[in-house]
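Examination of the molecular architecture
One letter stands for each residue in the lines below.
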Amino acid sequence: MRQVRKLAIVTGDHGASDPTKLGAAYGPEDLAAHDAMVAAIESLHRFEVTVHNHHDGLLERLAADRPDLVLNFCDTGIGNRPTRELNLPAWLELHDIPYTGATPQAMILCFDKQIVRLVAEAMGVATPREAWLPAEAVSGALPGFYPALLKPNTADGSVGITKDAVVHDEGQARAYLKFLAGILPGQPVLWQEYLPGPEYGVGLIGNPGKSLEALPPLEVDFSGLPAGLAPILSFESKADPDSPYWTEIRFRRAEIDTATAERMTGWAKTLFGRFGLQDYGRFDFRCAADGLPRLMEINPNPAWANDGKLAFMAGFAGITYPQMLERIIDAAIGRLSS
């Protein structure tokens, strides 16, 4: 087994602008989640921990004081630029520094939501009906199936998904396309069949060929939302503590039949291997009108916070937050030792 003593934790840059945060800046909730994560890892008493939460000189610091393993929690990208999320693991590979989580290739593939759907569909995984629209589609012909969920084809943190993202007619669609073109100019849009059923999350920890553990599925509880608000996980649900999308949405253990749980878990494990994920991942599903789940998204480096979906799912299995983080680290160590 590879010996890991020096552990470097790399997160987003706390001092830089971040488009996935309200006001493009880290808030008290973000900083508290970061501190809780560091404290949880330190409570394991296994590693000499160095934390990198500022990116100026990051690569130089890692090169000068080479860690045994990088815990790559930099899910915002270098400099908090989502398109540069792949650059850190790519640089680490060039310098033979091992890291946790997804490879650059997996990040590229999963970042493009249409590619995820096309690959999943080819592998027999149920997906929603979708259409890819170029950036200039605001004034062009529209797919025309409603209701539809409109969102950027490449974006993280639900950026571009607001309370108005579910559209029911051409007027609403064109208004939202205009909004997206204003905040994300040049970005293609995914026009996705709106699925009215329950939303689930499936979390995996481990690696294929070793131990790839499925955590108990999670269900998103939208029942507390005020009438008139679309039951979706919008940008407000992740970034605005004053929004009902933040305060009224809950996560709970999914109450589903064994067959549905096994179907989603089986699909998740298949896609984990096909997309080349490593150590952990999260897969989001939502049910169509027929009651059957469809794949919504693959998260190759899902949210690691103590109040995130993965932590909730671990809790359903009786795994504490420090134990969850330890399992991710140990999954990487086991993979690197083979």
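Scroll up for the structure.
Presented here is a report on the structure given in the accompanying data block. (Residues numbered from 1 in each chain as written. Predicted model: local features only at pLDDT ≥ 70, side-chain atom pairs only at ≥ 80, totals over all residues. Heavy atoms only, no water.)

1. Some words on the pattern of salt bridges
In the structure shown here, the tally under the stated rule is 17 salt bridges. Asp30 is the partner of Lys21 in a salt bridge, and the nearest nitrogen-oxygen pair spans 3.4 Å. Note that Asp330 and Arg46 form a salt bridge whose closest N and O atoms lie 3.0 Å from each other. One end of the pair, Asp330, is in helix H11 (residues 321–337); the other, Arg46, is in the loop between helix H1 (28–42) and strand E2 (48–52), and 284 residues separate them in sequence. Judged by relative accessible area, which is 28%, Arg46 ranks as partly exposed. (Salt bridge = Lys/Arg side-chain N within 4 Å of Asp/Glu carboxyl O. Helix = DSSP H or I, 4+ residues; strand = E, 2+ residues; numbered from the N terminus. Buried < 20%, exposed > 50% of the residue type's maximum accessible area, 1.4 Å probe, protein only.)

2. Focus on the sheet that holds strand E4 (residues 130–133)
Read from one edge of the open sheet, 4 strands run E4-E7-E5-E6, paired in antiparallel fashion. The sheet is open, and its two borders are formed by E4 and strand E6 (166–167), each paired with just one other strand. Bridge analysis of E4 against strand E7 (residues 189–193) gives 4 bridges, and the strand direction is antiparallel. For Ala131, the partnering residue across the bridge sits in E7 and is Trp191. Lying over the sheet, helix H6 (residues 170–183) contacts E4, strand E5 (148–152), E6 and E7, oriented at roughly 10° with respect to E5. (Pairing = 2+ DSSP bridges. Contact = heavy atoms within 4.5 Å. Axes fitted to C-alpha atoms, helices over the stretch in contact; angles between N-to-C directions.)

3. Some details on the sheet that holds E2
Judged by pairing direction, the sheet is parallel, and its 3 strands sit side by side in the order E2-E1-E3 without closing on themselves. Each having just a single partner strand, E2 and strand E3 (69–72) make up the two edges of the open sheet. Between one strand axis and the next, the sheet turns through 25° on average, direction left out of account. Summarising the sheet, strand E1 (residues 6–10) and E2 pair through 5 bridges and their orientation is parallel. Note on E2: the bridge partner recorded for Ile9 is Val51. Together, E1, E2 and E3 form the strand contacts of H1, whose direction differs from that of E2 by roughly 165°. Lying over the sheet, H11 contacts E1 and E3, oriented at roughly 135° with respect to E3.

4. Observations concerning the pairing of strand E12 (residues 279–287)
In terms of burial, E12 is largely enclosed, as 9 of its 9 residues are buried. Note that strand E8 (residues 199–206) and E12 share 8 bridges and pair antiparallel. Paired with Glu199 across the two strands is Arg286, which belongs to E12. With 6 bridges connecting them, E12 and strand E13 (residues 293–299) associate as antiparallel partners. Within E13, the residue paired with Phe285 across the bridge is Leu295. From the end of E12 to the start of E13, which pair antiparallel, there are 5 residues, and Gly291 there has a positive phi angle of about 85°.

5. Description of helix H5 (residues 113–122)
Looking only at H5, the buried set comprises Lys113, Val116, Arg117, Val119 and Ala120. On its buried side, H5 packs onto helix H4 (104–111), E4, E5, E7, helix H9 (258–274) and E13. Capping the start of H5 is the job of one residue whose side-chain oxygen sits 3.1 Å from the backbone nitrogen of Gln114: Asp112. Immediately beyond the C-terminal end of H5, within one or two residues, lies Gly124, with a positive phi of roughly 85°. (Polar contact = N/O pair within 3.5 Å; in protein donor to acceptor, adjacent residues only side chain to side chain.)

6. Some points on the environment of Tyr194
Note on placement: Tyr194 falls in the loop between E7 and E8. Classification of Tyr194 as buried rests on a relative accessible area of 15%. C-alpha separation for the pair Tyr194 and Ile108, spaced 86 residues apart in sequence, amounts to 25 Å. Setting aside anything within four residues of it in sequence, one finds Tyr194 in contact with Pro147, Ala148, Leu149, Val166, Pro231, Ile232 and Arg286.

7. Observations regarding the packing of aromatic side chains
The final tally for this structure, using the stated rule, is 7 aromatic pairs. Ring plane angle 65° and centroid distance 5.5 Å describe the contact between Tyr146 and Trp191, whose orientation is recorded as edge-to-face. Linking Tyr146 in the loop between E4 and E5 with Trp191 in strand E7, this pair joins segments that are 45 residues apart in sequence. Note on Tyr176 and Phe179: the rings are 5.2 Å apart at their centroids and 40° apart in plane angle, and the pair reads as tilted. Of this pair, Tyr176 and Phe179 both sit in helix H6, 3 residues apart, which is roughly one turn of that helix. Look at Tyr176 and you get buried, because its relative accessible area is 4%. Relative accessible area serves as the criterion here: at 33%, Phe179 is assigned to the partly exposed category. Three or more aromatic residues joined by ring pairs make a cluster, and in this case those are Phe73, Tyr280 and Trp304. (Phe/Tyr/Trp six-rings, centres within 6.5 Å; stacked < 30°, edge-to-face > 60°.)

8. A look at the side chain of Glu199
Turning to its location among the elements, Glu199 is positioned in strand E8. Within the structure, Glu199 has its side chain in polar contact with the side chain of Arg286 (distance 2.9 Å). The contacts of Glu199, once residues within four sequence positions are left out, are Leu218, Glu219, Val220, Phe222, Leu233, Phe285, Arg286 and Lys309.

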